[in-house]
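Tertiary structure, described
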Amino acid sequence: MAGTAAKKEKEKKKAKQKHDKAQKMKERKANSTKGKSLEDMMAYVDEEGNLSSTPPDPRKKKEILSEDIQLGVPKIIHEPEDLIKTGVINFFNEAKGYGFITDSKSGGNVFVHINDLLQPVRENDQVTFETEKTAKGLKALKVRKL
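None of the values given here were measured: they were computed from a predicted structure. (Residues numbered from 1 in each chain as written. Predicted model: local features only at pLDDT ≥ 70, side-chain atom pairs only at ≥ 80, totals over all residues. Heavy atoms only, no water.)

A separate point is the nonpolar core. By size, the foremost hydrophobic cluster in this structure holds 11 residues: Ile89, Phe92, Ile101, Val110, Val112, Leu117, Val121, Val127, Phe129, Ala140 and Val143. Taken together, the elements giving at least two residues each to this core come down to strand 3 (85-93), strand 5 (109-113), strand 6 (126-134) and strand 7 (137-145). Here phenylalanine 129 is in contact with Leu83, Ile84, Lys85, Thr86, Gly87, Ile101, Asp103, Val110, Ala140, Leu141, Lys142 and Val143, once residues within four sequence places are set aside. (Core = buried A, V, L, I, M, F, W, Y, C linked by side-chain atoms within 4.5 Å. Buried < 20%, exposed > 50% of the residue type's maximum accessible area, 1.4 Å probe, protein only. Helix = DSSP H or I, 4+ residues; strand = E, 2+ residues; numbered from the N terminus. Contact = heavy atoms within 4.5 Å.)

Take the pairing of strand 7 next. As defined by bridge partners, strand 6 adjoins strand 7 across 7 bridges and the pair is classed as antiparallel. Its bridge partner lying in strand 7, glutamate 132 is registered against lysine 139. Hairpin connection from strand 6 to strand 7: 2 residues lie between these consecutive antiparallel strands. (Pairing = 2+ DSSP bridges.)

Before going further, it helps to spend a moment on the side chain of aspartate 103. Structurally, the position occupied by aspartate 103 is in strand 4 (residues 98-103). We note that aspartate 103 is buried and unpaired, the nearest opposite charge coming from lysine 85 at a distance of 4.1 Å. Here lysine 105 takes part through its backbone nitrogen, which lies 3.2 Å from a polar atom of the side chain of aspartate 103. Leave out the neighbours within four places in its chain, and aspartate 103 touches Lys85, Thr86, Gly87, Gly108 and Phe129. (Lys, Arg positive; Asp, Glu negative; His and termini not counted. Salt bridge = Lys/Arg side-chain N within 4 Å of Asp/Glu carboxyl O. Polar contact = N/O pair within 3.5 Å; in protein donor to acceptor, adjacent residues only side chain to side chain.)

One pass over the structure, following the stated rule, counts 5 aromatic pairs. Their ring planes at 55 degrees and their centres at 6.1 Å tell us that phenylalanine 91 and tyrosine 98 sit as a pair that is tilted. Look at tyrosine 98 and phenylalanine 100: their rings are 6.3 Å apart centre to centre, the planes differ by 90 degrees, and that puts the pair in the edge-to-face class. Judged by its relative accessible area of 26%, tyrosine 98 falls in the partly exposed class. On the basis of relative accessibility, which here comes to 30%, the residue phenylalanine 100 falls in the partly exposed class. Site record: aromatic cluster; members linked through ring pairs are Phe91, Tyr98, Phe100 and Phe111. (Phe/Tyr/Trp six-rings, centres within 6.5 Å; stacked < 30°, edge-to-face > 60°.)

This part covers the environment of glycine 108. In this fold, glycine 108 is placed in the loop between strand 4 and strand 5. For glycine 108, a relative accessible area of 27% translates into the label partly exposed. In sequence terms glycine 108 and glutamate 9 are 99 residues apart; their C-alpha atoms lie 70 Å from each other. When near neighbours in sequence (up to four residues on either side) are disregarded, glycine 108 contacts Ile101, Thr102 and Asp103.

The next thing to look at is unusual backbone geometry. Glycine aside, residues mostly have negative phi angles, and peptide bonds mostly take the trans form. Its identity is not glycine, yet asparagine 124 carries a phi of approximately 70 degrees, on the positive side. By secondary structure assignment, the location of asparagine 124 is in the loop between strand 5 and strand 6. In this structure, lysine 142 is a non-glycine residue whose phi angle is positive, near 50 degrees. Residue position: lysine 142 is located in strand 7.

Judged by which residues are buried, strand 5 turns out to be one-sided: Val110 and Val112 face inward and are buried, whereas Asn109, Phe111 and His113, on the alternate face, are not. Joining the antiparallel neighbours strand 4 and strand 5 is a turn of 5 residues, in which glycine 107 adopts a positive phi near 80 degrees.

As structure tokens, then:
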């Protein structure tokens, strides 16, 4: 008797799945965009760049010159910075020959190697230095105690 009850449950479950599938198919057919006119399927972009179902107002149209359009990465124009910066040695490992300087103006850390020191330095020394951009970040050059 237990086998037949389980069989009936499986049949009920299959019938429910079949019914649900038919319902979903009817809903898809009712909500289908097939057969709609081109105008119903059109989407427009308004002056803020948002998609809209209404065409944009021609009075709000802006003229853009082709010379003003820039393709690619914009060129970064650097303002001339002070070549000689000041800072404090916040870490220096003499055994390994490197450390870091905290720039007094920007507050950022700059890597320094022992070969770029003009005189010996220790932690908490105030120094002047120049910077160079490397693949790993800024590097201090011509490091000198104040």
